[in-house]
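Coordinate inspection notes
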Amino acid sequence: MDNFKETLINIENGKFSLSEMVSILLLIVSKININTISGMARAERKTPRGIKISKQYRKESIGDQLMCIKGLGDNNLPF
């Protein structure tokens, strides 16, 4: 857990280069089930509205796109 905290602090303080942060992001994306609302709906054979209102997916804005993460419930916590 100390490595996790240290990594987050280092990212926040700008101690990683852009290339390093992109590598971290790509590794994380390969390990979690994250997709757009429409992409997740197609993968789950559900409607986009069903995914959007479901509490079974956490929704987060990344850039201009609303993404959903399967496996995390939709809560109002900041992290």
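We now turn to the structure provided with this report.

Here is what the cut-offs are and how they apply
- Residues numbered from 1 in each chain as written.
- Predicted model: local features only at pLDDT ≥ 70, side-chain atom pairs only at ≥ 80, totals over all residues.
- Heavy atoms only, no water.
- Helix = DSSP H or I, 4+ residues; strand = E, 2+ residues; numbered from the N terminus.
- Rg over C-alpha atoms; globule rule 2.2 N^0.38 Å.
- Buried < 20%, exposed > 50% of the residue type's maximum accessible area, 1.4 Å probe, protein only.
- Areas by Shrake-Rupley, 256 points an atom, 1.4 Å probe, with all protein chains shown as cover.
- Lys, Arg positive; Asp, Glu negative; His and termini not counted.
- Charge placed at Lys NZ, Arg CZ, Asp CG, Glu CD.
- Pairing = 2+ DSSP bridges.
- Axes fitted to C-alpha atoms, helices over the stretch in contact; angles between N-to-C directions.
- Core = buried A, V, L, I, M, F, W, Y, C linked by side-chain atoms within 4.5 Å.
- Contact = heavy atoms within 4.5 Å.
- Polar contact = N/O pair within 3.5 Å; in protein donor to acceptor, adjacent residues only side chain to side chain.

1. Some remarks on the overall build of the protein
Helices and strands together make up the secondary structure of the protein, namely four helices and three strands. Relative to the globule expectation of 12 Å for 79 residues, the C-alpha radius of gyration of the protein, 15 Å, shows a markedly less compact shape. Along the first, second and third principal axes, the C-alpha set of the protein runs to 40 × 25 × 20 Å. Within the protein, buried positions represent 18% of all 79 residues. Carbon and sulfur atoms make up 57% of the accessible area of the protein, which amounts to about 6500 Å² in all. Of note, the protein has its 12 positive side-chain charges centred 12 Å away from the centre of its 8 negative side-chain charges.

2. Thoughts on the sheet that holds strand 1 (residues 34-36)
Across the sheet, three strands lie side by side as 1-3-2; this open sheet has antiparallel pairing. The sheet is open, and its two edges are formed by strand 1 and strand 2 (57-62), each paired on a single side. Recorded for the sheet is a direction-independent mean angle of 35° between the axes of neighbouring strands. Strand direction decides the pairing type here: strand 1 and strand 3 (residues 65-70), joined by three bridges, are antiparallel.

3. Quick notes on the nonpolar core
Considering soluble globular proteins, one finds that nonpolar side chains tend to be buried as a cluster. By size, the foremost hydrophobic cluster in this structure holds six residues: I37, M40, A41, I51, Y57 and C68. It is helix 3 (residues 37-44) that provides the largest number of residues to this core, a total of three residues. Setting aside anything within four residues of it in sequence, one finds I51 in contact with I37, M40, A41, E44, K46, Y57, K59 and C68.

4. Some thoughts on the side chain of K59
With respect to the secondary-structure elements, K59 resides in strand 2. In this structure the side chain of K59 is engaged in a polar contact, spanning 3.4 Å, whose partner is the backbone oxygen of I51. Looking at K59, its side chain comes within polar contact range of the main-chain oxygen of S54, at 2.2 Å.

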